[in-house]
Amino acid sequence: MHTLEIYWDFSSPFAYLGSTQAEALAARHGANLVWRPMLLGGVFKAIGQADVPLFTWSDAKKKYYFDDMHRWAAYWNVPFRFPSRFPMNSLKPMRVYLALPEERRKDFRERAFRAGWAEDRDLGDDAVLRECIGPGADEVLAKTQDPAVKKALIDATEHAVKAGVFGAPTWVVDGKELFWGQDRLPLVERELSK
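What counts and how
- Residues numbered from 1 in each chain as written.
- Predicted model: local features only at pLDDT ≥ 70, side-chain atom pairs only at ≥ 80, totals over all residues.
- Heavy atoms only, no water.
- Patch = residues over 30% accessible without salt bridge, like charges linked within 9 Å, V, L, I, M, F, W, Y side chains within 5 Å.
- Areas by Shrake-Rupley, 256 points an atom, 1.4 Å probe, with all protein chains shown as cover.
- Salt bridge = Lys/Arg side-chain N within 4 Å of Asp/Glu carboxyl O.
- Helix = DSSP H or I, 4+ residues; strand = E, 2+ residues; numbered from the N terminus.
- Buried < 20%, exposed > 50% of the residue type's maximum accessible area, 1.4 Å probe, protein only.
- Expected span 1.5 Å × (residues − 1).
- Polar contact = N/O pair within 3.5 Å; in protein donor to acceptor, adjacent residues only side chain to side chain.
- 1 Å grid on protein atoms, 1.4 Å probe; cavity = no way out; pocket = protein on both sides within 12 Å on 5 of 7 lines; lining within 4 Å.
- Points joined across faces, edges and corners; volume = space filled by probe spheres on them.
- Nonpolar A, V, L, I, M, F, W, Y, C, P; charged D, E, K, R; others polar.

(A) Representation of a nonpolar patch on the surface within the structure. Taken together, the side chains of Ile47, Phe166 and Trp180 present a nonpolar region at the surface, about 270 Å² in accessible area. Its location among the elements puts Trp180 in strand β4 (residues 177-180).

Structural data, given as structure tokens:
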């Protein structure tokens, strides 16, 4: 059985788009899907990348990527709306994800991605996070200040850097083949077919 890891952060539109396809892709190939949260800004800092690469691009390249995001959303028939608040500060929602019990993470991840990248809601707003969390939201939000939760996100980000990750989403098949971007899914699929 193959293992498919997806490294992601709520701050990336490409991670959102890729996340909408991850489970179906893994299921088609009987692969074990492992969600690898990370703080993308922390990865960028560690590798010497600009905090917001998009801001360093030419106008032509920015236009292309904005158009391309919408093309991929239409291709996969998923809602997409570039947020009015960008870049998105994902520190707290990423900590929320890690503070939640494993069985509640999927629901939160999907709700938060949708809130940020389809509904133009502010993931830095505790009220929005409470809605995405559901029951026990105040307790979960309080845990985002727990040193163990903070360390878990730091460790996860360091793990991503050691794995060679430099953007989101990054897909890793069987711990060795690395693919960056939602647009690399056909190559990931081919690797899973071997």
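After that view, the rundown keeps rolling.
(B) Representation of the pattern of salt bridges. Following the criterion strictly, the structure yields 19 salt bridges and no others. Between Arg85 and Asp120 there is a salt bridge; the shortest N-O distance is 3.7 Å. Here the residue Arg85 occupies a position in the loop between α3 (59-76) and α4 (91-99), and Asp120 occupies one in the loop between α5 (102-117) and α6 (126-133), the gap between them amounting to 35 residues. Judged by its relative accessible area of 35%, Arg85 is partly exposed. Notably, a salt bridge pairs Arg105 with Glu102, separated by 3.2 Å at the nearest N-O pair. Taken together, the residues Arg105 and Glu102, both in helix α5 and 3 residues apart, mark about one turn of the helix. A single network of salt bridges, built from pairs that share partners, joins Arg81, Arg85, Asp120 and Asp122.

(C) Spatial organisation of helix α8 (residues 147-162). Taking 1.5 Å as the rise per residue, α8 with 16 residues should run 22 Å; its terminal C-alpha atoms sit 22 Å apart, in good agreement. Of the residues that open α8, the one with a side-chain oxygen 2.7 Å from the backbone nitrogen of Ala148 is Asp146. Trailing α8 by a residue or two, Gly164 shows a phi angle of about 90 degrees, which is positive.

(D) Broad picture of the layout of surface pockets. The computed volume of the second largest pocket comes to approximately 220 Å³. For the second largest pocket, the lining is made up of 13 residues, of which Tyr16, Ser19, Thr20, Gln21 and Glu110 are closest to its centre. Those elements giving two or more residues to the lining of the second largest pocket turn out to be α1 (13-28) and α5. Counting residues per element, the lining of the second largest pocket draws most heavily on α1, at 7 residues. Within the lining of the second largest pocket, the residues separate by chemical class into 6 nonpolar, 3 polar and 4 charged.

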